Structure formats: structure tokens, C-alpha cells
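A look at the structure
One letter stands for each residue in the lines below.
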Amino acid sequence: MGPRVPLPPEIQLAQRLAGNEQVTRDRAVKRLRKYIVARTQRAAGGFTHDELLKVWKGLFYCMWMQDKALLQEELGRTISQLIHAFQTTEAQHLFLQTFWQTMNREWTGIDRLRLDKFYMLMRMVLNESLKALKMQGWEERQAERLLELLTTEILHPDSQAPSGVKSHFLEIFLEELSKVGATELTADQNLKFIEPFCTIAAQTKDSLVLHNITRGVFETIVEQAPFAIEDLMNELEAPEEEEEGTSEDEREEDVPSKEPRRGSLHGAAPDTSEEPAGDGEDGMGPVLQFDYEAVASRLFAAASQQDTPSQNRKRLYKVIRKLQDLAEGLFPEDDVPEKACRNLQEDRRERKTKKRLPTSGSQNKAGKGGEEDSCPDLSSGAERMARRQGSGAERTGPQEQPGGPAGRGARKRRRRRPRAGARAKVTDCQNLRMRRRQPPPSGK
């Protein structure tokens, strides 16, 4: 027998990364990082596509073997930060490409008990890839390369990505971009980041992809519009509060100026407020600024093509109308409570005509007063609707709010309530909304 040929370093590391002992796996991860730094520093170094696929297979099963939530989170952070060990952008690009290819290949073999750890790994890798782009100064060419990679490997019709990978990516993309770049990116830069989604949403024949793009990207932009305006108003007010010797009357005159409001609606200035992301509904940090008119125009250009399927065009036109309303200063969610009020009033009238009680004295007066109310209390209305669930009555109203989850029941969004009086700061927006509801004057 001849001498035994040693295995390549990538295969040796992959075998140790997938070992049964945690100590062996931890040592292999540390050794892999040193190996990446040393190899990519050499002028003739670098990895091939097949070599990185072997490395990622070892990393995949390293995460597969890891138990306990805290250790999984620590390992996921360590693996995702390996992108910063590569010394060239080309090597980083190849590292990300092979990661998504590995997830696409191995996804169908993941059992439901291990899904959460790989959801977390996908989120962390996307976050670190955006951080690497941030370290490069959000260079336009590098941003285009990253978006092209993500589109090709995940969203393109010819990609091998399963539905679970596509759906999760579309849920987390805008959220992770907000975490990394909300305080730096301008509205024009943010428009570049969502342009690929406009094209895919207009051309895809997969109804699930269309729904997830519409819900996870465009409708999320609409829902976050009040928070984006609030963040920008806080940014504009911050320097004024720090000025000494300025009277309160002068500050009040500066806040409602028309120019800052127009900038807040069209996203002319980036958000620089720093809010720590906490737990619960109030844990949303800074959100991305957008030029809503530009987003609507870009989406309309994609949806109005002749080869766009009719169902795609119909769905996207609804979103375009919401974006156009935002550009004019209208908040679509403001109409929802009024619709709920009308539904509650109509339902109360129907019940009143069907069930007339013999003692109609005080109850009729109460019902009469309820009809004269312009908008009843929403909380009491929701409780009454909940009590009527067993009666078979038609239930609409607050449950149809566009901000609610759609499609996937397990999907949970971390939301933040607007501060008291935040909407009052944008008075021009509200005035525009009131003028729109009034009938237009006749030309005669």
C-alpha cells in the first residue's frame, strides 16, 4: 500500500465542525477563522466555490449539532461574523453566495424542531452582510452586487430556494436593513435597496412570493410611515432644544414649518435618532426614510408593463394608491377606525330593528344617543364584537386593519406605538386628509 494522501484542509475542518463533541466543534470554528484570515491575506490565496461549499456544509452541521438556545445564539453570531475574516470583497461575496446555496440545498432536510435555529442563522448572516456593506461606506457598486446575489439565489424564478427560505428572507430583510442603516441611509439609497423587489413582484408567477413581497416590504413601508415622520420630527427638534436663550414661542414657530414636513414625507433627510430596541410592542427602533412618491412611481413603472400578470398588477396598484396617499400627507390607517365605527353603527341599527324589547324607555334613548355619536369608543366596540362571535353576525372593522398580520399566522412583528401627540405635529398632513374627504367644488 502506498502512503495515505492527506485530505484537503477544508474537508478536515468540515469533519471537525460536524463532530459529536462540542469541544471539538468549538476548536474547529476558531481554527477555521484563523485559516480564513491567513489564506485570504496571501496575494495568490482565496477560496474556490467548491471549497467554500465544503466549509459551509461543516458549519451547517455544526449548528445542527448545537443544543441549548443561548449556545445556539452564540454559535450563530460566531459563524455569521466569519464574513469579516475575509480580507477581500470578492471572497466575502463568494462566502455569502455559498451560504445561501447551502441553505437552499439543505432546507428540506431540516426538521421542525431545528427550524428556529436556522431561521436565526439566516437573520444573523443577513445582518452581518449588511454591516460589511456599511463598513464599505454603502458603496453603490457593492450594494448592487449584494442585491444581485440575494435576488439570484433566493427570489429569482430559476433559483433553487424553497418557499420557507424565500418567505423568511422577505420577512426579515427590511427589518435588518433598518437595524443596520436607518441612521445613515438616505431616501434615494433606500429606494435602490427595494428596486429588485419591485421587479420581482411585478414579474413573479408565484402567488406566495407576491404576497410576501407586498406584505413584508411595501405594506411595511406604509405601516412605518408615521414612525418615520415621528423620528424625523424628533431629529429636527433636537437641535432646537439644545439652543440656549431661545424662548418657547420661537420654538413653537419653528416646529410647524412647512419645509421640514415636506422633507419628512418624502424622506429627504436620513434618520439619526437612536432608540434602543426593547422588548414588546414598543421595541421598534429607528425606521427607514422613504420618498413615497418615488417608491410609488418606481412600483408603477414595474407593474404597468404589458407582460405583468393581471393579479400582480391588481395587487400592486392597491399598494401604489397607499404610497401616493402618503406622498400627499394621508395616512391610510386613519380611515380604519372610522370604517369600524360605521360598521358598528350599522350592526347596532340592524339588531335594534330585529330585536325590539318591550321596555323601550331608557334603552331607546341610549340607542338614539348611540346613533348620534360620530365615532363610538373603539375598545367598547371591539368588546361587543367579541361577545357577538357566537351569534353568526358579520364581523368586520378593527380586525381588518392593514397593520395586522397576513398570510402566515405564526408571524409576529415587533411594533412601536407612536408617542402621544406625534400625529399632531404633522398638521398639514391632517389638513390635506380633511380636504380630500370634502366633495370637490363643481367647475360650474
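Figured I'd write up the structure that's included with this text. (Residues numbered from 1 in each chain as written. Predicted model: local features only at pLDDT ≥ 70, side-chain atom pairs only at ≥ 80, totals over all residues. Heavy atoms only, no water.)

Describing the pattern of salt bridges
Taken as a whole and judged by the stated rule, the model has 15 salt bridges. We note a salt bridge from E219 to R215, for which the minimum N-O separation is 3.7 Å. On the criterion of helical spacing, the pair formed by E219 and R215 is a turn pair, its members being four residues apart in helix 10 (residues 207-223). For E223, the salt bridge goes to R215, with nearest N and O atoms at 2.8 Å. Classification of R215 as buried rests on a relative accessible area of 1%. When salt bridges that share partners are traced, they join R123, E175, E176 and K179 into one network. (Salt bridge = Lys/Arg side-chain N within 4 Å of Asp/Glu carboxyl O. Helix = DSSP H or I, 4+ residues; strand = E, 2+ residues; numbered from the N terminus. Buried < 20%, exposed > 50% of the residue type's maximum accessible area, 1.4 Å probe, protein only.)

Considering the packing of helix 9 (residues 187-203) against helix 10
With their axes 10 Å apart at the nearest point, helix 9 and helix 10 run at an angle of 140° to one another. Taken as axis vectors, helix 9 and helix 10 run oblique relative to one another. Where helix 9 crosses over helix 10, the handedness of that crossing is left-handed. On helix 10, the residues that touch I194, F197, C198, I200 and A201 of helix 9 are V209, L210, I213, V217, F218 and I221. Tallied by class, residues from the contact of helix 9 with helix 10 come to 11 nonpolar, no polar and no charged. (Axes fitted to C-alpha atoms, helices over the stretch in contact; angles between N-to-C directions. Parallel < 35°, antiparallel > 145°, perpendicular 65-115°, else oblique. Left-handed = near helix turned anticlockwise from the far one by under 90°. Contact = heavy atoms within 4.5 Å. Nonpolar A, V, L, I, M, F, W, Y, C, P; charged D, E, K, R; others polar.)

Overview of the packing of aromatic side chains
For the structure on display, the rule yields 18 aromatic pairs. The interplanar angle of 20° and the centroid separation of 4.6 Å between the aromatic rings of F60 and F118 together place this pair among those described as stacked. Linking F60 in helix 3 (residues 49-65) with F118 in helix 6 (residues 115-135), this pair joins segments that are 58 residues apart in sequence. Since its relative accessible area comes to 3%, F60 is described here as buried. With 5.5 Å between their ring centres and 55° between their planes, W107 and Y119 make a pair best called tilted. Note that W107 is positioned in the loop between helix 5 (89-106) and helix 6 and Y119 in helix 6, a separation of 12 residues in sequence. Assigned by exposure class, W107 and Y119 land together as buried. (Phe/Tyr/Trp six-rings, centres within 6.5 Å; stacked < 30°, edge-to-face > 60°.)

Points about the environment of T151
For T151, the location among the structural elements is in helix 7 (residues 140-155). Setting aside residues up to four positions removed in sequence, T151 forms contacts with H156, P196 and I200. At 2.7 Å, the side chain of T151 and the backbone oxygen of L147 are in polar contact. (Polar contact = N/O pair within 3.5 Å; in protein donor to acceptor, adjacent residues only side chain to side chain.)

Comments concerning the nonpolar core
Membership of the largest hydrophobic core comes to 91 residues, with the highest contact counts inside it found for F169 and F197. Ranked by residues supplied to this core, first place goes to helix 6 with nine residues. When neighbours within four sequence positions are excluded, F197 is seen to be in contact with L155, F169, L170, F173, I213, V217 and F218. (Core = buried A, V, L, I, M, F, W, Y, C linked by side-chain atoms within 4.5 Å.)

Digging into the packing of helix 3 against helix 6
Running from N to C, helix 3 and helix 6 cross one another at 135°; their axes reach a closest spacing of 10 Å. Here helix 3 lies oblique to helix 6, going by the angle between them. Here helix 3 runs over helix 6; the crossing is right-handed. In contact with F60, M63 and W64 of helix 3, helix 6 contributes K117, F118 and L121.

Quick look at a positive patch on the surface
Positive charge collects at one region of the surface, where R16, R27, K30, R31 and K34 lie side by side. No other element matches the four residues that helix 2 (residues 22-41) contributes to the positive patch. You can see R16 is positioned in helix 1 (residues 9-17). R16 sits in the partly exposed class, given a relative accessible area of 36%. (Patch = residues over 30% accessible without salt bridge, like charges linked within 9 Å, V, L, I, M, F, W, Y side chains within 5 Å. Areas by Shrake-Rupley, 256 points an atom, 1.4 Å probe, with all protein chains shown as cover. Lys, Arg positive; Asp, Glu negative; His and termini not counted. Charge placed at Lys NZ, Arg CZ, Asp CG, Glu CD.)

Some remarks on helix 2
End to end, helix 2 covers 29 Å across 20 residues, agreeing with the expected 28 Å (1.5 Å per residue, within 8%). Taken as a whole, helix 2 has its buried residues at R25, A28, V29, L32, I36, R39 and T40. Angularly, the buried residues of helix 2 cover 110° about the axis, an arc narrow enough to put them on a single face. Of the residues in helix 2, the exposed ones pointing more than 90 degrees away from the buried face are R27, K30, K34 and Q41. (Expected span 1.5 Å × (residues − 1). Arc of directions from axis to C-beta.)

Things to note about unusual backbone geometry
We note that K68 has phi near 70°; this positive angle belongs to a residue other than glycine. Its relative accessible area of 64% is what places K68 among the exposed residues. Even without being a glycine, W138 presents a positive backbone phi close to 55°.

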